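Working through the structure, step by step
One-letter residues, chain by chain:
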Amino acid sequence: MTDMALPERQQALLPDQQGLKARLQRAERMKKVRAFALVAPLLLFVLVTFIAPIGDMLRRSFVDNELSAVWPQTQSAMQQWTDRSQAPGEAVFKAVAEDIRKSRDANTLATAARRLNYAIDNGRSLVFGTARKLPDQTESWKEAMIAIDARWNDPELWQAINQASGPFTSFYLLQAMDLHKKANGDIVSVSGNNAIYIDILLRTFTVAFSVTVLSVLLGFPVAYLLANLPPKTANLLMILVLLPFWTSLLVRTAAWIVLLQEQGVVNQFLLWLGVVDHPIRMIYNRAGVYIAMTHVLLPFMIMPLYSVMKGIKPHYMRAAVSLGARPTVAFLRVYMPMTLPGMGAGALLVFILALGYYVTPALVGGAADQMISYFIAFYTSETVNWGMASALGAVLLVVTLILYTIYNRLVGISNMKMG
Amino acid sequence: MAMADAAAKRGTSAQNGSDILVTFNGVQKTYDGEILVVKDLNLEIKRGEFVTMLGPSGSGKTTSLMMLAGFEVPTHGEILLDGRSLRNVPPHQRDIGMVFQNYALFPHMTVAENVAFPLSVRGVSKSEQTTRVRKALDMVKLGAMENRRPGQMSGGQQQRVALARALVFEPQLVLMDEPLGALDKQLREHMQLEIKHIHESLGITIVYVTHDQGEALTMSDRIAVFNDGIIQQLDSPTGLYECPRNSFVAHFIGENNALPGIVESVSGELCSVRLASGETVQARAVNIGGVGSKTSLSFRPEKVHIEGIGPDHPNRLHGRVNETIYYGDHVRVRMTVAGSDSFTVKMRFRAGRAVPLPGEELFVAFTAEDCLALDPI
Ligand SMILES: Nc1ncnc2c1ncn2[C@@H]1O[C@H](COP(=O)(O)OP(=O)(O)O)[C@@H](O)[C@H]1O
Ligand SMILES: [Mg+2]
């Protein structure tokens, strides 16, 4: 009898079960919508303030509409330039000449001149000179323009104009890597004095790496002390570590200038001690950059290290010692490896922050100590060369991501503790 | 098994000819200069013995163990290991294995690396490390888990690794501080037996710390009951249970009924005690002052009878049943006796047997042997 009753009851349940499923889905959907509504403001904020600017920066590094906006005819005429080994034909010259005259009348010649100046030595004088001397009418625009300035006959000039005519250009990105596209399409390294960006990039990474190493060396003992002192003393020391966070970056950097300059406290002290017989130069050079940046970034190393060390209970060391390890061996083989997650996190934090450092090197470094962000700032605020600024930013971003990936492979980001 | 042989050899042929391995000699310890956490510790531990320090939390067990291991320095007194003072021997040279409550396995090393650690710091060759690690892991039945990380193991497995690591370098002495405290009851009981078996097969000396009296009773050769930084009693498990020397031990080990009274007379081993209710009973004079002094009578619940007690029974007290609780194999009867309303009697349960009902008035009886007159509470 019970055997009969069971399937009947199951059948009776079926339609109800479907209703249950639907109700469950509805309830889950509401939950999802609510969860999304909660994160939506943050998402929007991140999109607007972070993703969008980075996207725009990446776009500006290869989208190039400056010249085509003021020289529209040039852009379309350039397609007729097929034989790249010599200057184009009359039609292209005519288009350029008309564009020059029109933009001279429309007062937009400066824009074109500036853009061409990026790619051509003395491009500005070329454009303005030609505009000044260009006749109203002529048989051959080509001959007239070459007569005004012989450079108009140079295919490399035309390659530069072609690259600048948009809508996309590889010019900035290539230049950010010290490369150059020749008229015949070959990509070659730029020569001698013009090849500066690879050096700057290497310098940026060297400085960031050195500062990271210094931070580890200085931060480790401090974090160890903080984690192992009685709470009262540790709290006091912690305030000293955090104090730099509460003072302006500018003030801290300026303080280093006061301390490290040739008449500064440190030099006076060294002279008084007799360690040196003439003041050493510690500022406006690489040493100054290292000292000031390490000081500024040290808390970012100490905090994650401290939080990891705080979690390492003393019984690990005791266990190691009871198993026969000398204290130094126990420290190296047990304690140190257990701090690696904190060290990894701190190192990554310091390294990435150091990569983008601008104010401190600008104030305490010399000309040869400026990092890539100095040049990005230079291009955005001094010469308004957004393309070059964006390209440098893009290169920095890509190289950083590559390094991060390698680091992730080696250390494992999931092994890290930020505190 | 080579390890067992070595241990056995060590057990029989003592270096200094004595069979005492550890001696605490008037050891005192204070952390803050005010309170003596360990007051006056005198203890001798024989080779091959399993000694447990048992006591409530804060009684100074861990401190005593840490002084032996070398992580704390005695404020006063001396600790000898194998007849040699440990005063100037740093912990890593003491050759004492140690197992901690939270295992203290190194999380960045595999199981095999953890167990190999004491060997590698001693400069044992790689190939010998491998064989000894394997042997140690087999001993704790973890042979297949060499390459796991501690984080991927259960608490019981981690504790076995810790055990293997503390034993692999064949120390003469192994200290364990509440090693099973973090395990659930069933696993704990299982591990108690395993540790006991390892102790027997290797012949090592173990000093074990716990606050669990059941654990101490099942595992130990001798138990030192700690309270307030003093050893209250040092005895075998049966000695402690059958003949506690004072009320603290009587309470701490096993179940206990306590009734306050006044000593009326003393005659040899026995004394006569008058209770608050005016009744008088005969008791074993274990730890009392003179006639007229206060005392506390101690009874084990299973040594008190409530059935078939005639009016001529020499040692009986009047009582009233408060409640009866069924435990399957036995019944507990909670009664009011001589003014105390938490007097418990354990009754073996058999089907069909009459069980006392609440409110029932009856007599409880016991022999003078089973009624201990101890210090007043
Ligand atoms: N490192 C220490 N510093 C100060 N006081 C301590 C320290 N370790 C233990 N104590 C104190 O000593 C007493 C005994 O502790 P402990 O030996 O750990 O007892 P048990 O192991 O028996 O629970 C406790 O009151 C505890 O607060
Ligand atoms: Mg303890």
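Everything numeric in this text was worked out from a predicted model, so none of it was measured. (Residues numbered from 1 in each chain as written. Chains lettered and ligands numbered in written order. Predicted model: local features only at pLDDT ≥ 70, side-chain atom pairs only at ≥ 80, totals over all residues. Heavy atoms only, no water.)

**Some remarks on the overall build of chain B**
Regarding its fold elements, chain B presents nine helices and 19 strands. Overall size of chain B, expressed as C-alpha extent along the three principal axes, is 80 × 50 × 40 Å. Of all 377 residues assigned to chain B, the portion counted as buried reaches 51%. Considering only residue pairs separated by 6 or more positions, chain B has 68% of its internal contacts joining residues 24 or more positions apart. Of the accessible surface of chain B, which amounts to about 16,500 Å², a share of 50% is contributed by carbon and sulfur atoms. Considering chain B, the positive charge centre built from 38 side chains and the negative charge centre built from 43 side chains are found 5 Å apart. (Helix = DSSP H or I, 4+ residues; strand = E, 2+ residues; numbered from the N terminus. Buried < 20%, exposed > 50% of the residue type's maximum accessible area, 1.4 Å probe, protein only. Contact = heavy atoms within 4.5 Å. Areas by Shrake-Rupley, 256 points an atom, 1.4 Å probe, with all protein chains shown as cover. Lys, Arg positive; Asp, Glu negative; His and termini not counted. Charge placed at Lys NZ, Arg CZ, Asp CG, Glu CD.)

**Observations concerning the UniProt feature "domain: ABC transmembrane type-1" (unreviewed entry) in chain A**
Taking the numbering used here, the UniProt-annotated feature "domain: ABC transmembrane type-1" (unreviewed entry) corresponds to residues 201-407 of chain A. The annotated region residues 201-407 of chain A carries 81% helix and 0% strand content, and the separation between its end C-alpha atoms amounts to 18 Å. (UniProt positions renumbered as here; feature names shortened; annotations may be inferred.)

**Description of the pattern of salt bridges**
Taken as a whole, this structure holds 27 salt bridges over all chains when the rule is applied. Residues Asp369(A) and Arg286(A) are paired through a salt bridge, measuring 2.8 Å at the closest nitrogen-oxygen approach. Taken together, the residues span a long stretch of sequence, with Asp369(A) in the loop between helix 17 (359-364) and helix 18 (372-382) and Arg286(A) in helix 14 (residues 286-310) at a distance of 83 residues. By relative accessible area, Asp369(A) is classed as buried at 6%. Its salt-bridge partner being Asp212(B), residue Arg188(B) comes within 4.0 Å of it at the nearest N-O pair. Placement of the pair is Arg188(B) in helix 6 (residues 185-202) and Asp212(B) in the loop between strand 8 (205-210) and helix 7 (213-219), with a sequence separation of 24 residues. Looking at Asp212(B), the relative accessible area reads 24%, which means it is partly exposed. Where salt bridges share partners, they join Asp56(A), Arg59(A) and Arg60(A) into one cluster. (Salt bridge = Lys/Arg side-chain N within 4 Å of Asp/Glu carboxyl O.)

**Remarks on the interface of chain A and chain B**
On the side of chain B, 23 residues touch chain A, which itself brings 17 residues to the contact. A buried area of about 1,800 Å², summed over both sides, lies between chain A and chain B, and 69% of it is on carbon and sulfur atoms. For the chain A face of the interface with chain B, the top three residues by lost area are Arg318(A), Leu323(A) and Arg333(A), together amounting to 39%. Linking chain A with chain B are one salt bridge. Where Arg318(A) meets Glu72(B), a salt bridge forms, and the shortest distance between an N and an O atom there is 3.6 Å. For the interface between chain A and chain B, the tally reads three residue pairs in polar contact (both at pLDDT 80 or more). (Buried area = accessible area lost by both parts, 1.4 Å probe. Polar contact = N/O pair within 3.5 Å; in protein donor to acceptor, adjacent residues only side chain to side chain.)

**Observations concerning the site of ligand 1**
All names here are of chain B. Around ligand 1 sit Tyr 31, Val 37, Pro 56, Ser 57, Gly 58, Ser 59, Gly 60, Lys 61, Thr 62 and Thr 63, and those are all the residues in its vicinity. One of the side-chain nitrogen or oxygen atoms of Tyr 31 is found 3.4 Å away from a nitrogen atom of ligand 1. In the model, an oxygen atom of ligand 1 is placed 2.5 Å from a nitrogen or oxygen of the Thr 62 side chain. Ranked by residues supplied to the shell around ligand 1, first place goes to helix 2 (residues 61-69) with three residues. Split into classes, the residues belonging to the shell around ligand 1 amount to three nonpolar, six polar and one charged. (Near = heavy atom within 4 Å. Nonpolar A, V, L, I, M, F, W, Y, C, P; charged D, E, K, R; others polar.)

**Some words on the sheet that holds strand 14 (residues 294-299) of chain B**
All names here are of chain B. Here five strands make up a closed barrel; going around it, the order is 11-12-13-19-14 and the pairing mixed. Averaged over all pairs of adjacent strands, the angle between their axes in this sheet comes to 55°, without regard to strand direction. With six bridges joining them, strand 11 (residues 257-267) and strand 14 adopt antiparallel strand pairing. Among the inter-strand pairings, Pro 260 is bridged to a residue of strand 14, identified as Ser 296. (Pairing = 2+ DSSP bridges. Axes fitted to C-alpha atoms, helices over the stretch in contact; angles between N-to-C directions.)

**A word on the environment of Val222(A)**
Residues and elements named next belong to chain A. By the secondary structure assignment, Val 222 is in helix 10 (residues 197-228). For Val 222, a relative accessible area of 29% gives the class partly exposed. Residues Val 222 and Asp 149 lie 73 residues apart in sequence; the distance between their C-alpha atoms is 66 Å. If we ignore the near neighbours within four places in the chain, the residues touching Val 222 are Val 241 and Ile 302.

**Details of the UniProt feature "domain: ABC transporter" (unreviewed entry) in chain B**
Here the UniProt feature "domain: ABC transporter" (unreviewed entry) sits at residues 22-253 of chain B. Annotation note: span residues 22-253 of chain B, helix share 36%, strand share 26%, distance between end C-alpha atoms 25 Å.

**Focus: the sheet that holds strand 6 (residues 96-99) of chain B**
Residue and element names in this part refer to chain B. Read across the sheet, six strands follow the order 6-7-8-3-9-10 without closing on themselves; strand pairing throughout is mixed. This sheet does not close on itself; its edge strands, each paired only once, are strand 6 and strand 10 (230-235). Shown here is a sheet whose adjacent strand axes are inclined to one another by a mean of 15°, direction ignored. Both strand 9 (residues 222-227) and strand 10 contribute to a ladder of five bridges, which runs antiparallel. Note that in strand 10 the partner of Phe 226 across the bridge is Ile 231. Where helix 5 (residues 155-167) meets the sheet, it contacts strand 6 and strand 7 (173-177), and its direction lies at approximately 175° from that of strand 6. Each of strand 3 (50-54), strand 7 and strand 8 is contacted by helix 6, which is oriented at about 160° to strand 8, the strand it contacts most.

**What to know about helix 4 (residues 90-105) of chain A**
If you check helix 4 of chain A, its first and last C-alpha atoms are 23 Å apart, about what 16 residues at 1.5 Å a residue would give, namely 22 Å. After helix 4 of chain A finishes, the residue Asn107(A) shows a positive phi value of roughly 60°. (Expected span 1.5 Å × (residues − 1).)

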